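Here's the letter readout for the chains.
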Amino acid sequence: MYPGLKTIKQKAGAPFFLSVSSSVLKSSELKMLKEINPAGIIYFKRNIENCESLQDLIKSINSVESIKYHAVDEEGGRVRRLPAGEWSLPSMLEIAENGNRFATEKIDILGMKLQSIGINMNMAPNVDLRSGENTSIVGDRSFGEDPQQVIQFAEIYIEMMKKNGIYPVLKHFPGHGTTTVDSHKSLPVINKPLDALFEEDLLPYKALANKAGFVMVAHLLHPEVSDLPATLSRKWNEILRKNTGFKGISMTDDMEMHALDSYSYLEKMELFYESGIDMLLVCSGNEEAISGFFEASVRMVEKGVSGKFKH
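All figures in this text were calculated on a predicted structure; none of them were measured in a lab.

Asker: Help me understand the nonpolar core, please; the structure alone is not making it clear to me.
Answerer: The tendency in soluble globular proteins is for nonpolar side chains to be buried side by side. Counting residues in each nonpolar core, the largest one holds 85 residues, and the members touching the most others are Leu 33, Phe 143, Tyr 157, Phe 173 and Met 269. Here this core takes nine residues from helix 5 (residues 147–163), the largest share from any one element. Not counting chain neighbours up to four residues away, the residues in contact with Tyr 157 comprise Glu 74, Glu 75, Leu 89, Met 92, Ile 107, Leu 110, Asn 122, Ala 124, Pro 125 and Phe 143. If you look at the next biggest cluster of nonpolar residues, it comprises 16 residues, including Phe 17, Met 216, Ile 249 and Met 251.

Written out as C-alpha cells, the structure is:
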C-alpha cells in the first residue's frame, strides 16, 4: 500500500536538525516546524538575546512534539553562542594547557548551565588534531597535535557533558587538522596521506566510539577515498562505522555551507540518503532554504530512498 502524505512527510523530516531566524519564534516558523517534524533544533547567536530569552524560545519550540534535541555550538574560545559568564570556556587549546582538574571543573559548570537553560546537546568536543602549522583552520579549536592528548581532554569533555544530561558530539570527522580552507567558504581538501590519517586523525574516534553517541561529519574532500565530500560519501560513512567502531548517530555539518555550493537541494538530499549518514543540519533559519531541503527530502522518500533515522 502506498504510504499516505503524512507518513511520507514524517519520514522526510525525521533526519533534520533545523534552526530559526531570531530569538522569538515566528508563527510561520512554528507552522513550518509542525509540518516538517524535525528531530532537532540548533541555536546560534541570532537566537540568543540572553539565557532567559533562549529558555523561552526553547519552551515555545517544545510544542513541536518531534523535536528531541536542542543543540548549541558552545565549544569555548572563539566558538561560543551563549553570552559571556562563569560558564564560558576558553579555547580547547587553553583547556588542555591548564590540565585535567581545570578542564573538569570548567566543563562541568558549562554542562550545568546548558542543562538549566533547556539545551540537551552541545556540538563539541572537537577532536581534530592541530597540524602545528599557523595556516591550519583548526588552530586553538583543537586540544593539541598529539592524538592521546586530544583523547584525554575530549574524554573529560564528554564525561562532564553526559554528567549534566547533555549529549556531546565528536567533530569534525574525518579531521580538519591539516586543512587550510574554511568549509563555510569553499570545500577543503585533506592533503594528508590516507595511512597517516588513519594512524593519527581517526584515533580519537576509535578511542571514544563507545563514549560519545554522536559524530559530526565535515565537508572535507580526500581524493584517495572519494570524489565526494565526506558529508555526501557512503565510503566515508563506512570508514566511520567499520574502521572506528562507531555505532551511534552520525550527522552532517551545516548543509548550507559554501563547501557544497555546487550541489542543488535535490542533489544534496539524494547523496545524503545514499551516504547512509543519519541526520543533517540546515542552519541558516531561512524558511525558503528549509523548504527547499524538505521538499527534496519528500521526493526522495516518495522514491523509496529514505534513511534509517527515526524519532
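Asker: What exactly am I supposed to notice about helix 6 (residues 194–201) here?
Answerer: Counting along an α-helix, one turn takes 3.6 residues, and residues three or four places apart therefore face a common direction. The complete set of buried residues in helix 6 reads Leu 194, Ala 196, Leu 197 and Asp 201. Here the buried residues of helix 6 occupy an arc of 155° about the axis, which is enough to place them on one side. Away from the buried face of helix 6 by more than 90 degrees, exposed residues Asp 195 and Glu 199 are located. As for helix 6, its buried residues are in contact with helix 7 (203–208) and helix 8 (234–244).

Asker: Whenever I open this one, the pairing of strand 5 (residues 167–173) confuses me. Can you help?
Answerer: The two faces of a sheet get side chains in turn, since along a regular strand they alternate between them. Counting buried residues in strand 5 gives six out of seven residues, a clear majority hidden from the surface. Bridge count between strand 4 (residues 121–122) and strand 5: two bridges; the pairing is parallel. Bridged to Asn 122 within strand 5 is Pro 168. Direction of pairing for strand 5 relative to strand 6 (residues 214–217): parallel, over a ladder of three bridges. The residue of strand 6 that forms the bridge with Phe 173 is Val 217.

Asker: Any chance you could explain the side chain of Ser 23 here in plain terms?
Answerer: Within the fold, Ser 23 resides in the loop between strand 1 (16–18) and helix 2 (27–36). Taking relative accessible area as the criterion, Ser 23 reaches 12% and is therefore assigned buried. Side chain to side chain, Ser 23 and Glu 49 meet in a polar contact 3.0 Å long. Sequence-distant contacts of Ser 23, defined by excluding residues within four places in its chain, comprise Arg 46, Asn 47, Ile 48, Glu 49, Ser 53 and Leu 57.

Asker: How should the environment of Leu 266 be read in this particular structure?
Answerer: Mapped onto the secondary structure, Leu 266 falls in helix 9 (residues 265–275). Spatially, the C-alpha atom of Leu 266 lies 8.3 Å from that of Arg 299, the residues being 33 residues apart in sequence. Apart from the residues lying within four places of it in its own chain, the contact partners of Leu 266 are Ala 296, Arg 299 and Met 300.

Asker: Even after reading the chapter, I still don't get the pattern of salt bridges, so can you show me in this structure?
Answerer: For side chains bearing opposite charge, pairing can occur when the charged atoms are close. Under the counting rule described, the total for this entry stands at 15 salt bridges. Where Asp 201 meets Lys 192, a salt bridge forms, and the shortest distance between an N and an O atom there is 2.5 Å. Among the residues examined, Lys 192 registers a relative accessible area of 15% and is labelled buried. Salt bridges sharing partners connect three or more residues here, namely Asp 73, Glu 75, Arg 81, Arg 141 and Lys 171.

Asker: Teacher, can you tell me more about helix 9 here?
Answerer: Every buried residue of helix 9 is accounted for by Lys 268, Met 269, Leu 271, Phe 272, Tyr 273 and Ser 275. Looking at the packing, one finds that the buried side of helix 9 touches helix 1 (5–13), strand 1, helix 8, strand 7 (249–254), strand 8 (279–281) and helix 10 (287–302). Positioned one or two residues after helix 9, Gly 276 has a phi angle of 85°, which is positive.

Asker: Please clarify how the pairing of strand 6 should be interpreted in this entry.
Answerer: Going residue by residue along strand 6, you find Phe 214 and Met 216 tucked away on one face and Val 215 and Val 217 tucked away on the opposite face as well. Relative to strand 7, strand 6 is paired through four bridges, and the arrangement is parallel. By the bridge assignment, Val 215 is partnered in strand 7 with Ser 250. Handedness of the β-α-β unit built from strand 6, helix 8 and strand 7 comes out right-handed.

Asker: What exactly am I supposed to notice about the packing of aromatic side chains here?
Answerer: Aromatic rings in a pair are described by how distant their centres are and how their planes are angled relative to each other. Counted according to the given criterion, the structure contains nine aromatic pairs. The rings of Phe 17, Tyr 69, Tyr 167 and Phe 214 are connected pair by pair, giving a single aromatic cluster.

Asker: Looking at this model, I keep getting lost on the packing of helix 4 (residues 92–117) against helix 5. Mind explaining?
Answerer: For any two helices packed against each other, one specifies the crossing angle of their axes together with the interaxial distance. Their axes nearest at 8 Å, the elements helix 4 and helix 5 cross at an angle of 15°. Our classification of the angle between helix 4 and helix 5 gives roughly parallel. Considering only the axes of helix 4 and helix 5, their crossing is right-handed. Between helix 4 and helix 5, the contacting residues are Met 92, Ile 95, Ala 96, Gly 99, Asn 100, Ala 103, Thr 104, Ile 107, Asp 108, Leu 110, Gly 111 and Leu 114 on the first element and Gln 149, Gln 152, Phe 153, Ile 156, Tyr 157, Met 160, Met 161 and Lys 163 on the second. Residues that form the contact of helix 4 with helix 5 fall into these classes: 12 nonpolar, six polar and two charged.

What counts and what doesn't
Residues numbered from 1 in each chain as written. Predicted model: local features only at pLDDT ≥ 70, side-chain atom pairs only at ≥ 80, totals over all residues. Heavy atoms only, no water. Core = buried A, V, L, I, M, F, W, Y, C linked by side-chain atoms within 4.5 Å. Buried < 20%, exposed > 50% of the residue type's maximum accessible area, 1.4 Å probe, protein only. Helix = DSSP H or I, 4+ residues; strand = E, 2+ residues; numbered from the N terminus. Contact = heavy atoms within 4.5 Å. Arc of directions from axis to C-beta. Pairing = 2+ DSSP bridges. Polar contact = N/O pair within 3.5 Å; in protein donor to acceptor, adjacent residues only side chain to side chain. Salt bridge = Lys/Arg side-chain N within 4 Å of Asp/Glu carboxyl O. Right-handed = clockwise from strand over helix to strand, strands pointing away. Phe/Tyr/Trp six-rings, centres within 6.5 Å; stacked < 30°, edge-to-face > 60°. Axes fitted to C-alpha atoms, helices over the stretch in contact; angles between N-to-C directions. Parallel < 35°, antiparallel > 145°, perpendicular 65-115°, else oblique. Left-handed = near helix turned anticlockwise from the far one by under 90°. Nonpolar A, V, L, I, M, F, W, Y, C, P; charged D, E, K, R; others polar.

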